[in-house]
Amino acid sequence: MNQKEAVCQQRLMVTRDTLEVIQGKWRLPIIISLTFGNKRFGEIQREIVDISPKMLSQELKALEMNKIITRTLYDSMPVTVEYSLTPLGLSMKTLLDEILNWGIHFRKEIVGK
């Protein structure tokens, strides 16, 4: 294998890893919601109107497992749970900005809005 092929394979592997973390309909919207600050479960669900509580719970667990978000329990009555981005999650800001910019371009080119 030459150097060019090795670099290509490395980039493909890293890209697959990235897509595994952010794949699906709901993970990026959850991450984007949390870029606006720490949120409780109900706040996230109100912002992402079509997500079911079960799906939101599953996706939050997956994002927590991948160290993109953190879940903090507060000892209050009733117990309060808050979600926030980790430093790793916050490091996605440039990626999210680029996705937003491309989405704006796409809508203009394809959708016409």
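Structure: above.
(A) Region of interest: the environment of V111. On the secondary structure map, V111 appears in helix α6 (residues 93–111). For V111, a relative accessible area of 40% puts it in the partly exposed group. In this structure the C-alpha to C-alpha distance between V111 and K67, which are 44 residues apart in sequence, comes to 35 Å.

(B) How the structure looks around helix α1 (residues 3–22). A rise of 1.5 Å per residue sets the reference length of α1, with its 20 residues, at 28 Å; its end C-alpha atoms lie 29 Å apart and thus fit the reference within 8%. For α1, the N-terminal cap is N2; the gap from its side-chain oxygen to the backbone nitrogen of K4 is 3.0 Å.

(C) Representation of the side chain of K39 within the structure. Within the secondary structure layout, K39 lies in the loop between α2 (27–34) and α3 (41–47). Of note is the side chain of K39, whose polar atom sits 2.6 Å from the backbone oxygen of S33. If we skip the residues at most four places from it in the chain, K39 touches S33, L34, I44, E47, V81, E82 and Y83.

(D) Local environment of the environment of R71. The topology assignment puts R71 in strand β1 (residues 69–74). Here R71 falls in the partly exposed class, since its relative accessible area comes to 39%. Along the primary structure R71 and K54 are separated by 17 residues, whereas in three dimensions their C-alpha atoms are 16 Å apart. The residues touching R71, leaving out its near neighbours within four places in the chain, are E64, V81, E82 and Y83. Polar side-chain contacts of R71 include one of 3.5 Å to the side chain of Y83.

(E) Representation of the pairing of β1. In terms of strand pairing, β1 meets strand β2 (residues 80–85) through six bridges, oriented antiparallel. Looking at β2, one finds that T70 is bridged to S84. Between β1 and β2, which follow one another and run antiparallel, lie five residues.

(F) Molecular detail of the packing of aromatic side chains. This model, assessed by the stated rule, comprises one aromatic pair. Relative to F106, the ring of W102 lies with its centre 5.2 Å away and its plane at 20°, an arrangement referred to as stacked. With a gap of four residues between them, W102 and F106 both fall in helix α6, about one helical turn apart. Given the relative accessible area of 35%, F106 is considered partly exposed.

(G) Fine view of the packing of α2 against helix α4 (residues 53–65). Relative orientation of the contacting elements α2 and α4 amounts to 75°, with a least axis distance of 10 Å. If you check the angle between α2 and α4, you find them roughly perpendicular. Of α4, the residues touching α2 (which contributes R27, I30 and I31) are L56, E59, L60, A62 and L63. Considering only residue class, the contact of α2 with α4 consists of six nonpolar, no polar and two charged.

About the cut-offs
Residues numbered from 1 in each chain as written. Predicted model: local features only at pLDDT ≥ 70, side-chain atom pairs only at ≥ 80, totals over all residues. Heavy atoms only, no water. Helix = DSSP H or I, 4+ residues; strand = E, 2+ residues; numbered from the N terminus. Buried < 20%, exposed > 50% of the residue type's maximum accessible area, 1.4 Å probe, protein only. Expected span 1.5 Å × (residues − 1). Polar contact = N/O pair within 3.5 Å; in protein donor to acceptor, adjacent residues only side chain to side chain. Contact = heavy atoms within 4.5 Å. Pairing = 2+ DSSP bridges. Phe/Tyr/Trp six-rings, centres within 6.5 Å; stacked < 30°, edge-to-face > 60°. Axes fitted to C-alpha atoms, helices over the stretch in contact; angles between N-to-C directions. Parallel < 35°, antiparallel > 145°, perpendicular 65-115°, else oblique. Nonpolar A, V, L, I, M, F, W, Y, C, P; charged D, E, K, R; others polar.

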